[in-house]
There are 2 protein chains.
Amino acid sequence: MKKNRVTITDIARELNISPSTVSRALKDHPALKRETKDAVKALAEKWDYQPNLLALSLLNRKSNTIGVIVPEITSHFFSAIITGIQDVVGKSDYNIMICLSNESYEEELILVKKLLNMQIDGVLVSPSSETDDFDHFRKLQKNGIPVVVFDRDCPGLEADKVLVDDYSGAFQAVEYLIDRGCKNIAHLGGPLNLSTTGHRLNGYLDALRKNNMPIRREHIVHVPGFSHKDGIKPAKKLFQLDNPPDAIFAMNDNIAISAMHVAKKMGLKIPEEISILGFDDEPHSSFFTPTLSTVWQPVYSIGMLSARILLSHLKNKDNQLKFRKEIFKPELVIRNSSK
Amino acid sequence: MKKNRVTITDIARELNISPSTVSRALKDHPALKRETKDAVKALAEKWDYQPNLLALSLLNRKSNTIGVIVPEITSHFFSAIITGIQDVVGKSDYNIMICLSNESYEEELILVKKLLNMQIDGVLVSPSSETDDFDHFRKLQKNGIPVVVFDRDCPGLEADKVLVDDYSGAFQAVEYLIDRGCKNIAHLGGPLNLSTTGHRLNGYLDALRKNNMPIRREHIVHVPGFSHKDGIKPAKKLFQLDNPPDAIFAMNDNIAISAMHVAKKMGLKIPEEISILGFDDEPHSSFFTPTLSTVWQPVYSIGMLSARILLSHLKNKDNQLKFRKEIFKPELVIRNSSK
DNA sequence: AAACTCTATGCAAAGGTTTGCATAGAGCAC
DNA sequence: GTGCTCTATGCAAACCTTTGCATAGAGTTT
């Protein structure tokens, strides 16, 4: 950023008027002579003057930038949420600074510090899978920066939240499998400290309990990651049991797809011999063979609503005492991978 | 951003020293008394002083922020590139401002203007599918902001570029199909003004020519978008021809998947009756039935290299006359959707 | 005692923009 | 001619931080 950008001071010098006059002319101040305004605007256009937002932000103590902290963006889930956020914020005066924590708590700390230093106006955050302590988010709030949590909850943190009823989605999914005659339903689950996958596990367990189905510990297998490759071994593990499952409820579509893959490799018929159901409803999930049954989430709406809530805060600056908590209902999407 | 952030002036007032002394103490200036330094640092720690980067940026004429303009992020392609960029830039002193143009030239103009106003230090850009005119990128350059173009080319724009040899990838793919005995190879193609899909079309055409295969205009069908749904009708159109193809080379995996879907619906056996080959190698492409043959691109490397080149510029500020042009080689990935 | 040197710290300007208050000068009334 | 009012513009401070140059005061030398 060299000094080749035109400034208000440059224009003032050229027209032999003061910078404050130039500033007023550019804002069409009523107390200014029409001739002065016209001369300033003509030169500003000719020299392609662009205001320096750093100076403005310093003066106004307002950077007009929103930080969005997400654990990753390669999944359609988070990238769709960000698109929802972008579509709302893009229509406002705010800019977005997207920050990737790579599922790392340490990285999240660094990002929060950077956003603080950059005098960010507000933050939208979905915490990393390692994050147990939310003090860094409280620090944002203490510094007058409103925080809206989306998708992954931060239990104990007082803030606006836009979540999904993961428990209910899981409960519905497992109940559906039970209703369809499945007797041995397994769960390929995610990190337990993560609210989303924790709630999904609980929904699975409660659905079994409610229907007097036995809870078999060997049928609940932890998956170390969220990618296809992470689900291969856990799925194999399930199928190699003495009492293998006749249905699998996976914590996300990628893992469900891995389970389908392994089942096919082992010659199992889907859904006749094994029903498989995921969570998320990725755009390509309806193109697998068989098409994947799953739980859909209104991801785009999560992004839109989160952004709207934050913008409302920034606009009103009312430090309201009461936080909003919106919980979107997921929907079961039955395709051909389940009976 | 309220005035509840501790400043250097606050610390100075509390310790009865001047702001310049506080600034020097925080930087461990050698000319300062040890006692003074210790007192300043202790209070800065106690009051949790965070430097205001807006003031620093204004003073240094350097915002330490890089803008990344991409047409969308919901595809794994762009999100993986951004992850590569993030992994490199994250290790530097720079921050990333990710901007989505939503395949809109108008939106891109607005984003470039915003980045200019924000005194961004450098820009990484993959243009929207509507962009024919690159003057807005030249304007960045004219303002001393280095630009690195990645993936989608900007013909005529003098800048560093990190591209993929789309032509070669397409050529290899079609030649492979020919070698495997396919006689009527169709192309489901993308926007012609877009370098990537334009090169893929050219590769397809030249591979046919080189092998003395007839070019049938009815076998080249334009797809209006990049999503699965965009490929359904064009694929149907192909299969409903009097001389339907026995192979399809699609401009990306999503469209290839759509073609597979339509072929199955029509009862065609893949690859016996119809070979299908895509481009990109999405993470889930090896999980379809049959698994999708495709052309892989080193997307993560594109991101990493683009970021490295830009950071090198920002570090050296040497306004080198010669731009770099790196062209990554794609690789054919043969799975079960082709003979 | 006076002059000189060195240490530790402060002043002030800079970066770019905004705006409350001040004021020069034109125009009008007496 | 003088005094008053109004218009159009400028001054200066603010926002936060940095740093070149200045300087007060302690210590040393003559």
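Data block above holds the structure.
Thresholds applied
Residues numbered from 1 in each chain as written. Chains lettered and ligands numbered in written order. Predicted model: local features only at pLDDT ≥ 70, side-chain atom pairs only at ≥ 80, totals over all residues. Heavy atoms only, no water. Pairing = 2+ DSSP bridges. Helix = DSSP H or I, 4+ residues; strand = E, 2+ residues; numbered from the N terminus. Axes fitted to C-alpha atoms, helices over the stretch in contact; angles between N-to-C directions. Contact = heavy atoms within 4.5 Å. Least-squares fit on C-alpha atoms with pLDDT ≥ 70 in both. Buried < 20%, exposed > 50% of the residue type's maximum accessible area, 1.4 Å probe, protein only. Near = heavy atom within 4 Å. Polar contact = N/O pair within 3.5 Å; in protein donor to acceptor, adjacent residues only side chain to side chain. Nonpolar A, V, L, I, M, F, W, Y, C, P; charged D, E, K, R; others polar. Parallel < 35°, antiparallel > 145°, perpendicular 65-115°, else oblique. Left-handed = near helix turned anticlockwise from the far one by under 90°. Right-handed = clockwise from strand over helix to strand, strands pointing away.

Asks: What should I look at first to understand the sheet that holds strand β8 (residues 247–250) of chain B in this one?
Replies: Whenever strands of a sheet pair, they do so through backbone hydrogen bonds, lying parallel or antiparallel. Residues and elements named next belong to chain B. Ordered in space as β7-β6-β8-β9, the four strands form an open sheet in which the pairing is parallel. Either end of the sheet is taken by a strand with one partner, and the two such strands are β7 (220–222) and β9 (275–277). Here the average twist between neighbouring strands, direction ignored, is 15 degrees. Both strand β6 (residues 185–189) and β7 contribute to a ladder of three bridges, which runs parallel. Paired with G189 across the two strands is H222, which belongs to β7. Running over the sheet, helix α9 (residues 195–210) touches β6, β7 and β8 and is turned about 170 degrees from β6.

Asks: I'm lost on the relation of the copies chain A and chain B in this one. Help?
Replies: Note: a rotation about an axis with an accompanying shift along it relates these two copies of the chain. Aligned on chain B, chain A shows an RMSD of 0.1 Å; the corresponding rotation is 180 degrees and the shift along the axis is 0.0 Å. Viewed as a symmetry operation, the transformation between the two copies matches a two-fold axis. Comparing interface residues between copies, 100% of those in chain A also lie at the interface in chain B; the contact surface is shared.

Asks: Explanation requested: the pairing of strand β5 (residues 160–164) of chain A in the structure shown.
Replies: All names here are of chain A. For β5, a buried count of five out of five residues is recorded, marking the element as mostly surrounded by other parts of the structure. Neither face of β5 is exposed, since D160, V162 and V164 on one face and K161 and L163 on the opposite face are all buried. Pairing analysis gives four bridges linking strand β4 (residues 147–151) to β5, with the strands arranged parallel. Paired with V148 across the bridge in β5 is D160. As defined by bridge partners, β5 adjoins strand β11 (residues 325–328) across four bridges and the pair is classed as parallel. Residue L163 lies in a different strand from β11, and its bridge partner there is I327.

Asks: Looking at this model, I keep getting lost on the protein's contact with DNA strand C. Mind explaining?
Replies: Close to DNA strand C lie 29 residues; I8(A), S20(A), S23(A), T21(B) and T36(B) are nearest. Taken together, the sugar and phosphate atoms account for 61% of what DNA strand C places within 4 Å of the protein. The side chain of S23(A) places a nitrogen or oxygen atom 2.3 Å from a phosphate oxygen of DNA strand C. Between T21(B) and DNA strand C, the recorded distance is 2.3 Å, taken from a side-chain N or O atom to a phosphate oxygen. Among the residues making up the surface near DNA strand C, the classes are represented as 13 nonpolar, 10 polar and six charged.

Asks: Please clarify how the packing of helix α5 (residues 76–89) of chain A against helix α12 (residues 299–316) of chain A should be interpreted in this entry.
Replies: For any two helices packed against each other, the geometry is given by the interaxial angle and the distance between the axes. Residues and elements named next belong to chain A. Closest axis-to-axis distance for the α5/α12 pair is 7 Å, and the angle between their directions is 40 degrees. Viewed along their axes, α5 and α12 adopt a mutual orientation that is oblique. Once α5 is placed against α12, the crossing between them reads as right-handed. Residues F77, A80, I81, T83, G84, I85, D87, V88 and V89 of α5 pack against V299, Y300, I302, G303, M304, A307, R308 and L311 of α12. Partitioned by chemical class, the residues of the contact of α5 with α12 number 12 nonpolar, three polar and two charged.

Asks: Please clarify how the pairing of strand β1 (residues 65–70) of chain A should be interpreted in this entry.
Replies: Where a strand is regular, its side chains alternate between the two sheet faces. Residues and elements named next belong to chain A. In terms of residue burial, β1 counts as a mostly covered element, since six of its six residues are buried. The alternating pattern of β1 places T65, G67 and I69 on one face and I66, V68 and V70 on the opposite face, and all of these are buried. Taken together, the six bridges between β1 and strand β2 (residues 95–100) define a ladder with parallel strand orientation. Directly across from T65, in β2, lies its bridge partner N95. As for the winding sense of the linkage, the β-α-β connection from β1 through α5 to β2 is right-handed.

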